[in-house]
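# Notes for the structure review
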Amino acid sequence: MKRNILLGFLLTGLVLLEWGCGCQDWKENYKIVEFERIDLISYQKYIAADTVKFDTLLFSAFPVVELASSFDCIGGSQFSAYATSPCEPIRFLVNTFDSVKVTTVISNNIVDISSLIGVVKTTYYRNPNYSYDIIPLKDKSGVSAVLSSLYLPFIFGFVNPPSSMIDSAITFQFFDSDGNVFETTTDPIIITP
């Protein structure tokens, strides 16, 4: 009799443990430590030529992340009373970006072109074309919301045409709330209005 009661408590405990520590309780926090590179891509394929029209160009920024912390309710290992594969942890990005500054060199002068650039919020595919919802960089809350997600890489595009041809590299500077500045530069390219 005691053995049956003990077995009942054990099975009940396993069920409660399984319910108490599901996938939603397994979290990992990541931190951006640098930006590896920024690629220039067109809407349809990678750029083959060194000249492109502004409204067909996207910038794809690849950050390097490292695990900042990991939480789960059993201290590091996931338990399952059933023979199921382990679930993916919920991933969070701990960096909060206040702003992004975009500059280029025009006529030997460093020019801020941040007002021309935005971050891509959503991508739509309609065979055979893509379209994008782009949030201008001046919309600080929208940009912060997109850049706080862990959907990498971050994609940027033009929201307004440049007033003249750009024929040099473009530099992106990312400012986070901790005062860190991350910088990455594209390859030189000729961008036409």
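Please read all numbers here as calculations on a predicted model, not as lab measurements.

Quick look at the overall build of the protein chain now. Assigned secondary structure in the protein chain consists of two helices and twelve strands. Secondary structure elements of the protein chain, listed N to C terminal, follow the sequence α-β-β-β-β-β-β-β-β-α-β-β-β-β. Residues counted as buried form 34% of the 193 residues belonging to the protein chain. Put simply, of all contacts in the protein chain between residues at least 6 apart along the chain, 69% involve residues at least 24 apart.

Moving on, we come to the layout of surface pockets. Its boundaries defined by the atoms lining it, the largest pocket holds a volume of some 150 Å³. Every residue along the wall of the largest pocket is listed here: Val119, Val120, Lys121, Thr122, Val146, Leu147, Ser149, Tyr151, Pro153, Phe154 and Ile155. Those elements that provide at least two residues to the lining of the largest pocket are strand 7 (117-126), helix 2 (140-147) and strand 9 (154-158). Tallying contributions element by element places strand 7 first for the lining of the largest pocket, with four residues. Residues of the lining of the largest pocket, tallied by class, amount to eight nonpolar, two polar and one charged.

A separate point is the sheet that holds strand 11 (residues 181-185). The sheet built from four strands is open, its strands ordered 6-5-10-11 with antiparallel pairing. For this open sheet the edge positions go to strand 6 (109-112) and strand 11, each flanked by a neighbour on one side alone. Within this sheet the neighbouring strands show an average axis-to-axis angle of 25 degrees, counted without direction. Strand direction decides the pairing type here: strand 10 (residues 170-176) and strand 11, joined by five bridges, are antiparallel. What sits directly across from Phe172, in strand 11, is Thr184.

Rules used throughout
- Residues numbered from 1 in each chain as written.
- Predicted model: local features only at pLDDT ≥ 70, side-chain atom pairs only at ≥ 80, totals over all residues.
- Heavy atoms only, no water.
- Helix = DSSP H or I, 4+ residues; strand = E, 2+ residues; numbered from the N terminus.
- Buried < 20%, exposed > 50% of the residue type's maximum accessible area, 1.4 Å probe, protein only.
- Contact = heavy atoms within 4.5 Å.
- 1 Å grid on protein atoms, 1.4 Å probe; cavity = no way out; pocket = protein on both sides within 12 Å on 5 of 7 lines; lining within 4 Å.
- Points joined across faces, edges and corners; volume = space filled by probe spheres on them.
- Nonpolar A, V, L, I, M, F, W, Y, C, P; charged D, E, K, R; others polar.
- Pairing = 2+ DSSP bridges.
- Axes fitted to C-alpha atoms, helices over the stretch in contact; angles between N-to-C directions.

Nothing here speaks to function; it is geometry throughout.
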